[in-house]
2 protein chains.
Amino acid sequence: MPAQERAIRTRQNIMLAAATVFNERGYKAATIADILTTAGVTKGALYFHFPSKDDLAQEVLATQNRNLTIPERPSKTQELIDVVMLHTHRLQTDPMVRAAVRLTMDQLSTEFDRTGPFRQWADLTRQRLEQARDQGELLPHVNPTETADVLVGAYAGIQSMSHALTDYTDLTTRANALLRHLLPTITLPSILTSLDLNENRGAHVYTEIHTTT
Amino acid sequence: MPAQERAIRTRQNIMLAAATVFNERGYKAATIADILTTAGVTKGALYFHFPSKDDLAQEVLATQNRNLTIPERPSKTQELIDVVMLHTHRLQTDPMVRAAVRLTMDQLSTEFDRTGPFRQWADLTRQRLEQARDQGELLPHVNPTETADVLVGAYAGIQSMSHALTDYTDLTTRANALLRHLLPTITLPSILTSLDLNENRGAHVYTEIHTTT
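Because the structure is predicted, anything quoted here is derived from the model rather than measured.

A. Here's a closer look at the overall build of chain A. Helix and strand content of chain A: eleven helices and zero strands. Its helices and strands taken in sequence order, chain A reads α-α-α-α-α-α-α-α-α-α-α from the N to the C terminus. A compact globule built from 213 residues would reach a C-alpha radius of gyration of about 17 Å, and chain A, at 19 Å, matches this within 12%. For chain A, the C-alpha atoms occupy an extent of roughly 60 × 40 × 30 Å along the three principal directions. Per-residue burial for chain A yields a buried fraction of 57% across its 213 residues. Sequence separation of 24 or more characterises 68% of the internal contacts of chain A that already satisfy a separation of 6 or more. If you sum the accessible surface of chain A, you get close to 9300 Å²; carbon and sulfur atoms cover 53% of it.

Pasting the structure below:
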């Protein structure tokens, strides 16, 4: 295996180990020693890639905002739905995304900055809402910044409740219910009728992305 | 001070100390020794009131669902708003309620049951929605169980985002925005126009309760 490829694998190994340890113990209780044991790498290898525990946590946090490029749709509201449902699918299936979201939602972790994901999600959502508004998809009173904050905050709670009650088994149903409750106050009725709010939309978009790339 | 009164004070002391420690360290990292030091009581006194750390955590959790009796209103939708805005006010001002909510939202605490508050909030909300429906305040398609779950989940996330970004400074604004985004898909337009969604509603209800009792 070429050296560069080996380095990439080691890095991925460490990240997955960090995600597992953060998931199990939380940021505060997790130690570099735990992560080393789980990853099965040397201290030198770990510090080469990540100078500190905080760097590791920030890397894990960042994964939830990656690979969010979804195929372009004629309706920007549909793109918004696709992002939500794809994220729902990833939360149910990808341990890295789970760990990232748990770190973000850990109100007890005051030692590291968990504002990043909230801000990034709100920003991406606001941009899509602005595009939707410019295309004439939104009700006239909608303020994209405010609505983005409501959407991101509400989703964060829906997933937390689903995690607590059913370990994400019912997340698709809850995400769908949230969208059905919010979209009618955001989108024009004529747009609403053409939206695909199907519960398997997330899995569908996931397959679409991984088939086309 | 009579013995009974002293016992009540000791208990309150321990609860407040436990809330402080859980708030700072999380459930897992908190120790009985920390709580003893913070409360300044003997081990015997603590174990007399709370047999275990889990008992303490459950007691702290339960505080968020107490004192939620708000004055009766002609509109049950208004009562729902009042509960949300009163809780918002308490989150901003009461350290016990803050600690309870943080424990509930701690996705890393897999050792103790944090489903209780979600279920209780959802239950109380569903009951009020059913009353609202029976009084003819709701749109015909509304399913009180589903809508209660959306409201409770969404609020949980809104408060978490506000906590992360502004330490609850903007919670009133965010709670208000959430209600304005959700109520039009739940309530009849004729009811909407008579609702008080003012941002100081929470403080107002709080004063109302503490003046009348």
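So, next bit.
B. Layout of the UniProt feature "DNA-binding region" (unreviewed entry) in chain A. UniProt tags residues 31–50 of chain A as "DNA-binding region" (unreviewed entry). End C-alpha to end C-alpha, residues 31–50 of chain A measures 13 Å, and it is 75% helix and 0% strand.

C. Examining the interface of chain B and chain A more closely. Chain B puts 44 residues into the contact, and the matching count from chain A is 44 residues. Counting each side, the surface lost to burial between chain B and chain A is near 3600 Å², with a carbon and sulfur contribution of 62%. Measuring nitrogen to oxygen at the nearest pair gives 2.7 Å for the salt bridge that ties E146 of chain B to R180 of chain A. There are ten residue pairs in polar contact (both at pLDDT 80 or more) connecting chain B and chain A. Going through the elements one at a time, α1 (3–29), α6 (95–105), α7 (115–134), α8 (144–166) and α9 (171–182) of chain B are the ones with two or more residues in the side of chain B that touches chain A. Per-element accounting of the side of chain B that touches chain A gives the leading share, 16 residues, to α8 of chain B. Per-class residue counts for the side of chain B that touches chain A are 21 nonpolar, twelve polar and eleven charged.

D. View of the relation of the copies chain B and chain A. Of the transformation placing chain B onto chain A, the axial shift is 0.0 Å and the rotation is 180 degrees, giving an RMSD of 0.0 Å. Taken together, the rotation angle and the small translation identify this as a two-fold axis. Most of the interface of chain B is mirrored in chain A: 100% of its interface residues are interface residues there too.

E. Just unusual backbone geometry, in detail. Positive phi, close to 50 degrees, is recorded for D167 of chain A, a residue that is not glycine. Considering the arrangement of structural elements, one finds D167 of chain A in the loop between α8 (144–166) and α9 (171–182). Residue D167 of chain A is classed as partly exposed on the basis of its relative accessible area, which comes to 43%. Unlike most non-glycine residues, Y168 of chain B shows phi in positive territory, near 75 degrees.

The rules we used
Residues numbered from 1 in each chain as written. Chains lettered and ligands numbered in written order. Predicted model: local features only at pLDDT ≥ 70, side-chain atom pairs only at ≥ 80, totals over all residues. Heavy atoms only, no water. Helix = DSSP H or I, 4+ residues; strand = E, 2+ residues; numbered from the N terminus. Rg over C-alpha atoms; globule rule 2.2 N^0.38 Å. Buried < 20%, exposed > 50% of the residue type's maximum accessible area, 1.4 Å probe, protein only. Contact = heavy atoms within 4.5 Å. Areas by Shrake-Rupley, 256 points an atom, 1.4 Å probe, with all protein chains shown as cover. UniProt positions renumbered as here; feature names shortened; annotations may be inferred. Buried area = accessible area lost by both parts, 1.4 Å probe. Salt bridge = Lys/Arg side-chain N within 4 Å of Asp/Glu carboxyl O. Polar contact = N/O pair within 3.5 Å; in protein donor to acceptor, adjacent residues only side chain to side chain. Nonpolar A, V, L, I, M, F, W, Y, C, P; charged D, E, K, R; others polar. Least-squares fit on C-alpha atoms with pLDDT ≥ 70 in both.

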